Amino acid sequence: MSGMAIESFDTLVTYAAALGAMEFPHVSAEERALVDIAARRGFSVNTSEAALVTEAIRRGEDPLGEAFCRLRSPAERRPHGQTYTPDVLVDAMVRWTLDQPAPTRIIDTGVGSGRYLLAAGQAHSDARIVGVDIDPIAALMARANLAVAGMTDRSTIHLTDYRSLRCDTVDGPTLFIGNPPYVRHHQISCEWKQWLADVAARYGHKASRLAGLHVHFFLATLAAAKPGDYGTFVTSSEWLDVNYGALVRDLLTDQLGGESIHVLAPDALPFADAATTAAITCFRRGSQEPSIRLQPVASVLDLGRLDGGVPVAKDVLRTATRWSPLLHGEKAMPEGFIELGQLARVHRGAVTGANKVWVRSPAGIDLPDRVLHRCVTRAKELFVADDVLDDSSHLKVVIDLPANLDELNDDERRAVRRFLRRPDVAAARDGYIASTRKAWWSVGLKAPAPILATYMARRPPAFVINEAEAKHINIAHGIYPRQDVTATALRNLAAYLRTAVTLRQGRTYAGGLTKFEPREMERIPVPELEVLSDDTWTPAMV
């Protein structure tokens, strides 16, 4: 289809209409308006190209959806969670449904161009088909694709928010399938956050207002489904571990009836235009199975029929605050190893609350030297340091004033007061972080950590010996031994961490970033101090 010229949304909706989108009952006013506007602007269909589009759709391609993704960039689609699912994921999820009771109805919770409905509708030729989306262009594309596939008579497309959908009761099971939109909580209205809390409470659960939209869709599915209905969703995998994902975890171990979860490796990157993780969740409303199968999957080609995985008891899952470690089975601590937390404390650096005020290049600052601290302020500074940070001259300084300005002499205090009266500095006083401090002007840097570690990236953390005694802000963790240790032990500890820590030990978020919270880093197994203190020991000996 590379020769086809869909160069505007007007052209796209014109083709959708020509392919049969307007033949559906109850086409929304918004969709009709798009088609009418394109017609008034003089857009029309090239007959030969329309034939090519039709042939491509019948071959299982999605020329309309691909055109949509070209016309609306990933950045423009991201606020609406419009990440279109590749065929390999759709096919795996539909294959799973073939091992379930034949559905009477299929509901795609965020239909897009209809990829799931086309595949599932062809697999289940007697099922009614329902698609839901808030984008009228998506609705038109889905209608067109279904029309070309000959499914018009058994299909309904709703232009509405899935959470508002009211489903009729049908005899037989309903299959819920799709890729619920990933939208961060910042873009979700207060009214919908309240909806989440209210509906969760109705089922005996608590909900976090920090939950993303995909969490809302799991809950909406529970509300719409009856016992025996089943489904499979692909989402980012972060809900397995983050606090706001507790609602999904609670639903799957309770009324929503989780059956299996298949988690793709962080580097699999199954979506062409979004650097995100992926977990495919299969569930059956009201299932009383005592366990959920958990399966790590190295690549999309290894998904199969979604019938693999190791059963983990729901009683175990209910008490676990993170599910990712359970994917690989709990392993006993190897002999001669302890948790890092037994050897050292891990602390995130201070939050400045206003980096533009408190983080500066050292030149030209009219403040006492003793309040200017060379600091690691970007993770890159640790990544490029290799094993040792032995020079801090290239680092910026953080202005860390004492909470009690009387600790300064008269000249120093006058310089500090001049600085605090500056409009840009004074404005920082009203920030949330500043308002929670004992003194709003005092950042409160921690002492230099012997080892500095990055904690959020698409690669394992960097562990760097801090010979320069630089301080750090909240872009890094500081590792502070609980007792005096030798330089050899520090060097060996950092070397071991650099070679042994993997991405799967952290929690992976949408966008592909893996994060290590301080307590998670403290759980990393490391050799005992006696081993690390041996001058002849190297990580290769493990």
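Caption draft 1: Region of the structure containing the overall build of the protein chain. A count of helical and extended segments in the protein chain gives 22 helices and 22 strands. Expressed as lengths along the three principal axes of its C-alpha atoms, the size of the protein chain is roughly 80 × 60 × 50 Å. Split into buried and exposed, the 542 residues of the protein chain put 55% on the buried side. Within the protein chain, counting contacts between residues at least 6 apart in sequence, those at least 24 apart form 76% of the total. Total accessible area computed for the protein chain in this model is approximately 24300 Å², and 50% of it derives from carbon and sulfur atoms. Positive and negative side-chain charges in the protein chain, numbering 62 and 65 respectively, have mean positions lying 5 Å apart.

Caption draft 2: The arrangement of the sheet that holds strand β18 (residues 471-472) in detail. A sheet is described by the order of its strands in space; here four strands give the open sequence β12-β14-β13-β18, paired in mixed fashion. The open sheet has two free edges, formed respectively by β12 (359-360) and β18, since each of these has just one partner strand.

Caption draft 3: Just the state of the cysteines, in detail. What the rule picks out here adds up to zero disulfides. Cys167 takes part in no disulfide bond, and the closest cysteine sulfur, belonging to Cys282, lies 20 Å away. For Cys167, a relative accessible area of 27% translates into the label partly exposed. The buried category is assigned to Cys282, whose relative accessible area is 0%.

Caption draft 4: Spotlight on helix α7 (residues 115-123). With seven of its nine residues buried, α7 lies for the most part within the structure. Within the sequence span of α7, burial applies to Arg115, Tyr116, Leu117, Leu118, Ala119, Ala120 and Gly121.

Caption draft 5: Local environment of the nonpolar core. Residues Tyr162, Leu219, Leu252, Ile261, Leu294 and Trp323 are the most contacted members of the largest nonpolar core, which totals 44 residues. Elements that contribute at least two residues to this core include exactly β2 (128-133), α9 (190-202), α10 (213-224), α11 (246-252), β6 (258-264), β7 (279-284), β8 (291-297) and α13 (324-327). Of the residues forming this core, the biggest block, seven residues, is contributed by α10. Membership of the second largest hydrophobic core comes to 36 residues, among which are Met93, Trp96, Ile106 and Leu175.

Caption draft 6: Inspection of the sheet that holds strand β20 (residues 507-508) at higher detail. Taking strand neighbours across the sheet as the criterion, the three strands line up as β16-β21-β20 in an open arrangement whose pairing is antiparallel. Here the strands that pair on one side only, and so sit at the sheet edges, are β16 (456-457) and β20. Taken together, the two bridges between β20 and strand β21 (residues 514-515) define a ladder with antiparallel strand orientation. Looking at β21, one finds that Arg507 is bridged to Lys515.

Caption draft 7: Layout of unusual backbone geometry. Of note, His26 is a non-glycine position whose phi angle comes to about 60°, a positive value. Mapped onto the fold, His26 is located in the loop between α1 (9-18) and α2 (29-40).

Caption draft 8: View of the pattern of salt bridges. In the structure shown here, the tally under the stated rule is 23 salt bridges. One salt bridge connects Arg59 with Glu61, and the closest N-O pair in it is separated by 3.1 Å. Taking relative accessible area as the criterion, Glu61 reaches 30% and is therefore assigned partly exposed. In this structure, Arg322 and Glu520 form a salt bridge, with 3.2 Å as the shortest nitrogen-oxygen distance. Of this pair, Arg322 sits in the loop between α12 (314-319) and α13 while Glu520 is found in helix α21 (residues 518-522), placing the two residues 198 residues apart along the sequence. Taking relative accessible area as the criterion, Arg322 reaches 9% and is therefore assigned buried. On the accessibility criterion, Glu520 (4% relative accessible area) is buried. The network of salt bridges with shared partners includes Asp241, Arg322 and Glu520.

What counts as what
- Residues numbered from 1 in each chain as written.
- Predicted model: local features only at pLDDT ≥ 70, side-chain atom pairs only at ≥ 80, totals over all residues.
- Heavy atoms only, no water.
- Helix = DSSP H or I, 4+ residues; strand = E, 2+ residues; numbered from the N terminus.
- Buried < 20%, exposed > 50% of the residue type's maximum accessible area, 1.4 Å probe, protein only.
- Contact = heavy atoms within 4.5 Å.
- Areas by Shrake-Rupley, 256 points an atom, 1.4 Å probe, with all protein chains shown as cover.
- Lys, Arg positive; Asp, Glu negative; His and termini not counted.
- Charge placed at Lys NZ, Arg CZ, Asp CG, Glu CD.
- Pairing = 2+ DSSP bridges.
- Disulfide = S-S within 2.5 Å.
- Core = buried A, V, L, I, M, F, W, Y, C linked by side-chain atoms within 4.5 Å.
- Salt bridge = Lys/Arg side-chain N within 4 Å of Asp/Glu carboxyl O.

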